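Here are the chains, one letter per residue:
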Amino acid sequence: MTNASVEADVVILGAGSGGYACALRAVQLGLTAILVEADRIGGTCLHRGCIPTKAMLHAAEVADAVRSGPGLGVQATLAGIDIEGVNQFKAGVVQRLYKGLTGLIEHRGIRVVSGIGTVKAPGAVDVDGQTITARHVVVATGSRPRVASGLEIAGHVITSDQALGMDWIPRTAVILGGGMIGVEFASLWRSFGAQVALVEAVDRLVPYEDEASSKLLQRAFRRRGIVTKTGVTVTDVTEDTTGVHVTVSDGGTLDTDILLVAVGRAPNTEGLGLEDQGVNVERGYVIVDEQCRTGVDGIWAIGDIVPGPQLAHRGFAQGIAVAERIAGLEVPPLVDSGIPRIAYCDPEIASVGLTEAQAVARYGADGIAVETQTLGGNARSLVLGTSGMVKVIRVDGGPILGIHIVGSRAGELIGEAQLIVNWEALPEEVAALVHAHPTQTEALGEAHLALAGKPLHAHG
């Protein structure tokens, strides 16, 4: 390539959820935008994360539905899992979304430059010898699977990247890490017939969630035959012709076909030249203010590379907000606690706002009120054969602080919940709304009725 300079209002490093959202919103506001991407538009979420895992989890849900058919009077038997067919279904979903996204980017006139960008100055990016200049540089390079200290990813010791590309179903699987990725793969492989063990160093699964949600998930996993070892660490891993042998700190050894390392994701910030420009980078994360500014004029950072929850929809929202700020619009800061969180295991876990522990830390035990509705009393949940809860936390005499849901389709229920929390609704206001019957949303309505002082289905 030549050293020719290309002018744009915004150059964005990374075309994942945050990067392409920033580019689309920028051109919508009359700015010119260039995307720099070393791989494919859509990033991890579309190609190695959210979308392919959810496609496979849907296949797992269908498999479980077939198994449950006789109990519903439906004469059906599961002949097996055709992993090649599952992978074709997954690839088809990804390809359709990819085609639509690339077509949209092209239609909007957004130039895509292939390669890895390096920031050479606040307004200049080098891509394989080509200099791209812009008034603003937005860094949105995403993340990669984190590797636990002392472990080597090789053979049958894998990360989620390799797991999504597998053309076989393990008979046994050990998963290191009980966070979102770990519980989703545990649920997926169990539905596909594998014997699964989860190892989590903290004393409960999904430790970032409300403790009540963790307990319900662990109980549900136990009923499904998923072994959970919490408060336990891996001390040694060896692999031979018979499989992978995982020694854990409680003195046991887990012999398995596959070890999935799912201990989180690390930010992709190495080699971008950010520190040379004065950008503050700590443990790989770019430090920004609430507006996603790095402190160096003209350089912004969004998505998984900035501290906070590593969620595709968070990066997407940050990308839109940064484009609007560059265009001169006033945009309120994004509050991380107000972003919905979902684990698509069975049962699903969804939440928004503060956990009970966080609410107590902020307002004191006497300063909050908590209402929990079990889904066992909800007609629609009974039909679906799911159990779980809706837990609502309010500040005493004030608005809703957090909502936590466990059960089938919890990820869909969180839509109303995030409106309640982010609009700082009072329980009395939500209680006045009519929830359709029979739906699982009625459990949300019941919880708010109780917090408003008029529980209809409570005994006593």
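In what follows, the structure referred to is the one given above.
Residues numbered from 1 in each chain as written. Predicted model: local features only at pLDDT ≥ 70, side-chain atom pairs only at ≥ 80, totals over all residues. Heavy atoms only, no water.

A. Quick look at the overall build of the protein. Counting its secondary structure elements, the protein contains 13 helices and 24 strands. Taking 23 Å as the expected radius of gyration for a compact globule of 460 residues, we find that the protein reaches 24 Å, a close match to that expectation. Relative to its full complement of 460 residues, the protein shows a buried share of 51%. A separation of at least 24 residues holds for 63% of the contacts in the protein among residues at least 6 apart in sequence. Looking at the protein as shown, the accessible area adds up to about 20,900 Å², and 52% of this sits on carbon and sulfur atoms. Each charge class in the protein was averaged separately, 35 positive and 50 negative side chains, and the resulting centres sit 3 Å apart. (Helix = DSSP H or I, 4+ residues; strand = E, 2+ residues; numbered from the N terminus. Rg over C-alpha atoms; globule rule 2.2 N^0.38 Å. Buried < 20%, exposed > 50% of the residue type's maximum accessible area, 1.4 Å probe, protein only. Contact = heavy atoms within 4.5 Å. Areas by Shrake-Rupley, 256 points an atom, 1.4 Å probe, with all protein chains shown as cover. Lys, Arg positive; Asp, Glu negative; His and termini not counted. Charge placed at Lys NZ, Arg CZ, Asp CG, Glu CD.)

B. Representation of the nonpolar core in the model. Formed by 34 residues in total, the largest nonpolar core has its most connected members in Ile175, Trp189 and Phe221. It is helix H6 (residues 180-191) that contributes the most residues to this core, five residues altogether. When near neighbours in sequence (up to four residues on either side) are disregarded, Phe221 contacts Val183, Ala186, Ser187, Leu198, Leu205, Ile226, Thr228, Cys345 and Asp346. Ile110, Val138, Ala140 and Ile326 belong to the second largest nonpolar core, which has 26 residues in total. (Core = buried A, V, L, I, M, F, W, Y, C linked by side-chain atoms within 4.5 Å.)

C. Summary view of the sheet that holds strand S24 (residues 400-406). Pairing in this open sheet of five strands is antiparallel, and the strands run S20-S21-S24-S23-S22 from one edge to the other. Since the sheet does not close on itself, it has two edges, and those belong to strand S20 (341-343) and strand S22 (368-374), each with one partner. With strand direction ignored, the average angle separating the axes of adjacent strands in the sheet is 10°. Here seven bridges tie S22 to strand S23 (residues 389-395), and the two strands are oriented antiparallel to one another. (Pairing = 2+ DSSP bridges. Axes fitted to C-alpha atoms, helices over the stretch in contact; angles between N-to-C directions.)

D. Region of the structure containing the state of the cysteines. By the definition in use, this model includes zero disulfides. Between Cys22, a cysteine without a disulfide, and Cys292, which holds the nearest cysteine sulfur, the sulfur-to-sulfur distance is 9.6 Å. (Disulfide = S-S within 2.5 Å.)

E. Just helix H11 (residues 410-422), in detail. Across its 13 residues, H11 extends 18 Å between first and last C-alpha, which sits within 8% of the 18 Å expected from 1.5 Å per residue. Within H11, the axis deviates most sharply at Glu416, by approximately 30°. Every buried residue of H11 is accounted for by Ala410, Gly411, Leu413, Ile414, Ala417, Ile420 and Val421. Those residues of H11 hidden inside the fold are in contact with S20, strand S21 (349-353), S24, helix H12 (427-431) and helix H13 (441-451). Once H11 finishes, Glu424 follows within two positions and takes phi at roughly 50°, a positive value. (Expected span 1.5 Å × (residues − 1). Bend = angle between axes of the 7 residues up to and from the residue.)

F. Representation of unusual backbone geometry in the model. Cis geometry is found at the peptide bond from Asp346 to Pro347, where omega equals 5°. Relative to the helices and strands, Pro347 is located in the loop between S20 and S21. Here His437 and Pro438 are connected by a cis peptide whose omega angle stands at -5°. Looking at the secondary structure, you find Pro438 in the loop between H12 and H13. Here Asp128, not a glycine, exhibits a phi torsion of approximately 50°, which is positive. Tracing the sequence through the fold places Asp128 in the loop between strand S5 (124-127) and strand S6 (130-139). In this structure, Glu424 is a non-glycine residue whose phi angle is positive, near 50°.

G. Quick peek at the packing of helix H3 (residues 50-67) against H6. Where H3 contacts H6, the two axes come as close as 9 Å, and the packing angle between them is 40°. Viewed along their axes, H3 and H6 adopt a mutual orientation that is oblique. You can see that H3 and H6 cross each other, and the crossing is left-handed. In contact with Thr53, Lys54, Met56, Leu57, Ala60, Ala63, Asp64 and Arg67 of H3, H6 contributes Glu184, Phe185, Leu188 and Ser191. (Parallel < 35°, antiparallel > 145°, perpendicular 65-115°, else oblique. Left-handed = near helix turned anticlockwise from the far one by under 90°.)

H. View of the pairing of strand S14 (residues 253-256). The two faces of S14 differ: Leu254 and Thr256 on one face are buried, but Thr253 and Asp255 on the other face are not. Pairing analysis gives four bridges linking strand S13 (residues 243-248) to S14, with the strands arranged antiparallel. Of the residues in S14, the one forming a bridge with Thr247 is Thr253. Turn length for the S13-S14 hairpin, with the two strands adjacent in sequence and antiparallel, is four residues, and the turn residue Gly251 shows positive phi of about 95°.

I. The sheet that holds strand S9 (residues 172-176), seen in detail. Here five strands make up an open sheet; going across it, the order is S8-S15-S9-S10-S11 and the pairing parallel. At either end of the open sheet lies a strand with only one pairing partner, and these are strand S8 (157-158) and strand S11 (227-230). The pairing of S9 with strand S15 (residues 258-261) spans four bridges and is parallel. Note that in S15 the partner of Ala173 across the bridge is Ile258. Packed onto the sheet, H6 meets S8, S9, strand S10 (195-200) and S15 and runs at close to 170° relative to S10.

J. Representation of the packing of aromatic side chains. According to the stated counting rule, one finds two aromatic pairs in the structure shown. Ring geometry for Tyr20 versus Phe316: centroids 6.1 Å apart, planes at 70°, classification edge-to-face. Remark: Phe316 occurs in helix H8 (residues 312-326) and Tyr20 occurs in helix H1 (residues 17-28); sequence separation between them is 296 residues. (Phe/Tyr/Trp six-rings, centres within 6.5 Å; stacked < 30°, edge-to-face > 60°.)

K. Representation of the environment of Pro267. If you trace the backbone, Pro267 turns up in strand S16 (residues 265-267). Placed 38 residues apart in sequence, Pro267 and Ile305 show a C-alpha to C-alpha distance of 4.7 Å. When near neighbours in sequence (up to four residues on either side) are disregarded, Pro267 contacts Gly142, Ser143, Arg144, Arg146, Arg283, Gly284, Tyr285, Asp304 and Ile305.

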